[in-house]
Amino acid sequence: MFSGIIEHLGTITTTQRGERDLEVQVATGITDLSLGESIAVNGVCLTVTAFDTAGNATFFISPETLECTSLRQLAPGRRVNLERAVTPATRLSGHIVQGHVDATARLLSITPEGEARHIAFAVPARLRRYLVDKGSITLDGISLTLNAVGAPGEDAGPDAFRIELMIIPHTWKHTTLGTLTPGADVNVEVDVIAKYVETLCQYR
């Protein structure tokens, strides 16, 4: 489990593509890695399959993960958001994040608001029921607050809806959000509590 608070910015150093899978090595900057530990890479929970004392970690990405996330676009030199799994003593500064991606969203716009940034994304319409104004969402592993949630089909396309967020300067500088341009894809994980509430209501 994660909290959506980014701890490190890593860099993809090598990629090795199989027929349907991908193995990547990431310069994580984390020098006390453990074999088999879980790390959220751009919001996707991955397992450390090899590492060295310099903090270079290897991750295997399965066909299912490649199909459902933006990790299929990884290439050497790409920066990625990293978060290690929480511990029982961790402050939950963000919200409960599993690292299980629900979909990808497309960046629509970036508008400076003083030192902050107002950003908008197009999110698949099937996720609309899980999102509320001032609720939580995870984008590329970052726990963020929704400023506004639109209706499907407004200006995000027929099968999507618009979400808007305000990004403070610290988040802009210390995550990959500052490297994105309109049209970029990000990984989306909705609040798992909303999913449990939906299931409880359906099967009570």
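Keep in mind it's a predicted model, so treat the numbers as computed, not measured. (Residues numbered from 1 in each chain as written. Predicted model: local features only at pLDDT ≥ 70, side-chain atom pairs only at ≥ 80, totals over all residues. Heavy atoms only, no water.)

**Quick look at the side chain of Asn187**
Spelled out, the test is: Secondary structure elements follow DSSP: runs of H or I of four or more residues count as helices, runs of E of two or more count as strands, with numbering from the N terminus. Here a residue-residue contact requires only that any non-hydrogen atoms of the pair lie within 4.5 Å.
Position of Asn187 relative to the elements: it lies in strand S13 (residues 185–190). Contacts of Asn187, omitting those with residues within four sequence positions, involve Asn42, Val44, Thr69, Ser70, Leu71, Val101, Ala103, Thr104, Thr138, Leu139 and Asp140.

**Here we look at the nonpolar core**
Formally: Nine residue types can take part in a nonpolar core, namely buried Ala, Val, Leu, Ile, Met, Phe, Trp, Tyr and Cys, and a core is a set of them joined through side-chain atoms within 4.5 Å. Here the term buried applies to any residue with accessible area under 20% of the maximum for its type, exposed to any over 50%, and partly exposed to those in between, with areas from a 1.4 Å probe on protein chains only.
In this structure, Phe121, Leu131, Ile137, Leu139, Leu144, Ile163 and Leu165 are the most contacted members of the largest nonpolar core, which totals 27 residues. Taken together, the elements giving at least two residues each to this core come down to strand S7 (103–113), strand S8 (116–124), strand S9 (136–139), strand S10 (142–145), strand S12 (160–167) and S13. Setting aside residues no more than four positions away along its own chain, Leu139 makes contact with Phe121, Leu144, Leu165, Val186, Asn187 and Val188. Listed in part, the 20 residues of the second largest apolar core include Leu22, Leu46, Ile61 and Val80.

**Looking at empty space enclosed by the protein**
Summary: where empty space remains is shown by rolling a probe the size of a single water molecule over the atoms. Using the following cut-off: Both site types are read off a 1 Å grid over the protein atoms alone. A 1.4 Å probe that fits but cannot get out defines a cavity, while an open set with protein on both sides within 12 Å along at least five of seven lines defines a pocket; lining residues have an atom within 4 Å of a point. Grid points are joined across faces, edges and corners, and a volume is the space filled by probe spheres set on the points. Each residue gets one label: Ala, Val, Leu, Ile, Met, Phe, Trp, Tyr, Cys and Pro are nonpolar, Asp, Glu, Lys and Arg are charged, and the others, such as Gly, are polar.
Within the structure shown, the criterion is met by one cavity of 30 Å³ or more. The computed volume of the largest cavity comes to approximately 30 Å³. The class makeup of the residues in the lining of the largest cavity is one nonpolar, three polar and three charged.

Without other data, these values stay purely geometric and don't point to any function.
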